[in-house]
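# Analysis of the macromolecular model
Residues per chain are reported as follows:
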Amino acid sequence: MIAILGAGSMGRLWAAMLPAGQVAFVPRPGQMPDPVCYRFQAIEGKSLSVTIPWLQPGQSPELLLVTTKAGDTLEALKDALPSIASSTPIVLFQNGLGSQQQVSETWPQRPVLAASTTEGANRPAPGLTVHAGCGATWVGALNPTGQPLVNRVAQQLAKSGLEVHPEQDILGRLWQKLVINAGINAFTAILDCPNGAILKQPYYQQWINPLCEEISRLLAAAGQPQQTPEALRESIEAVARKTAANTSSMRADVLTGRPTEIDFINGYLARLGQQHGIATPVNQMLTEQVQQLN
Ligand code: NAD
Ligand code: KPL
């Protein structure tokens, strides 16, 4: 049995794709509502009806996937983990950085892994989950207890039929995604436009170079491979062009009145700058402006 904490878009995607009858959602404390029923629209357009039960008291999952938003993850796990065996691997799917470190520092003895995914899922209407973008998922250990479990966890996730790879340097992969999100998401939310449309906006053009200079210094301070500001800007703009028509997850959160993950993207970079004595005025400004949109 694979347990999933967070019955949102990502959680429902994995629940629908993993073998039927082998998945359960983790309930909030004191809640045991009816099973979760939804229509799932697969990437090729085929639609199926999915019913996922809740994890029952006494059931002991072999794996826990955590698909809450970054800001909810620590509290959700504080509620869920007391009834889950300490040997059960925990796989964190959150974007950005900061929440992963909170979890691995809070439970250093538990096997903690992270997944970085380019799969896309959304819920355009109540009761409907859409697999909107086909990508790949990399899974790797965040602590030594998780290290021996990486291949097994990758194999378990691959039973979904999604592309899954074990990753020795998951932190590096999370950083690569963070760089892209830091250079796109806040701009799309502030400018209220699709990803590709930021590129021609004077506000983006004013701030992207100083932002990339900050990120380049932060990468070095964090022990990540050095990248020039010019190379960072190229990577960011390649993704913005490739996903030109997309509404970023941050803009979608603002438009639907949900909390954004800004504190774990540009906010994380601003905090890291404070720790290392690196000035991060652009990350700080983007963080504050997105916080004001919320
Ligand atoms: P979502 O808001 O759709 O789902 C989060 C779910 O967690 C919600 O159903 C919420 O009710 C639930 N939740 C919150 N607190 C909880 C608690 N204490 N106990 C149980 N459940 C709780 O978000 P999402 O789009 O599924 O994203 C989840 C994470 O995956 C985010 O960090 C996101 O950045 C990342 N991610 C999402 C996608 C995507 O395409 N959706 C792609 C890559 C990464
Ligand atoms: O990951 C994304 C997000 O929206 O969070 C990008 C890469 C910006 C694609 O929309």
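Up top is the structure these notes are about.
Residues numbered from 1 in each chain as written. Chains lettered and ligands numbered in written order. Predicted model: local features only at pLDDT ≥ 70, side-chain atom pairs only at ≥ 80, totals over all residues. Heavy atoms only, no water.

## Section: the packing of helix 6 (residues 202-221) against helix 7 (residues 229-242)
At their nearest, the axes of helix 6 and helix 7 sit 8 Å apart, and the two run at 120 degrees to each other. As summarised for this structure, helix 6 and helix 7 are arranged oblique, according to the angle between their axes. You can see that helix 6 and helix 7 cross each other, and the crossing is right-handed. Seen from helix 6, the contacting residues are Y204, I208, N209, C212, E213, I215, S216 and L219; seen from helix 7, they are P229, L232, R233, I236 and E237. Its residues assigned to classes, the contact of helix 6 with helix 7 comprises 8 nonpolar, 2 polar and 3 charged. (Axes fitted to C-alpha atoms, helices over the stretch in contact; angles between N-to-C directions. Helix = DSSP H or I, 4+ residues; strand = E, 2+ residues; numbered from the N terminus. Parallel < 35°, antiparallel > 145°, perpendicular 65-115°, else oblique. Left-handed = near helix turned anticlockwise from the far one by under 90°. Contact = heavy atoms within 4.5 Å. Nonpolar A, V, L, I, M, F, W, Y, C, P; charged D, E, K, R; others polar.)

## Regarding the nonpolar core
If you look at the biggest cluster of nonpolar residues, it comprises 40 residues, and the most contacted ones within it are W175, F187, I215, I236, L269 and L286. Among the elements of the structure, helix 5 (170-191), helix 6, helix 7, helix 9 (266-276) and helix 10 (281-293) are those that each provide at least two residues to this core. A total of 11 residues in this core trace back to one element, the largest contributor, which is helix 5. No fewer than three residues from each of domain 1 (2-168) and domain 2 (172-293) sit in this core. When sequence neighbours within four positions are dropped, the list of residues in contact with W175 reads L97, L219, A222, Q224, Y268, L269 and L272. F40, I52, A141 and V150 belong to the second-largest nonpolar core, a separate cluster that totals 32 residues. (Core = buried A, V, L, I, M, F, W, Y, C linked by side-chain atoms within 4.5 Å. Buried < 20%, exposed > 50% of the residue type's maximum accessible area, 1.4 Å probe, protein only. Domains from an automatic or database assignment.)

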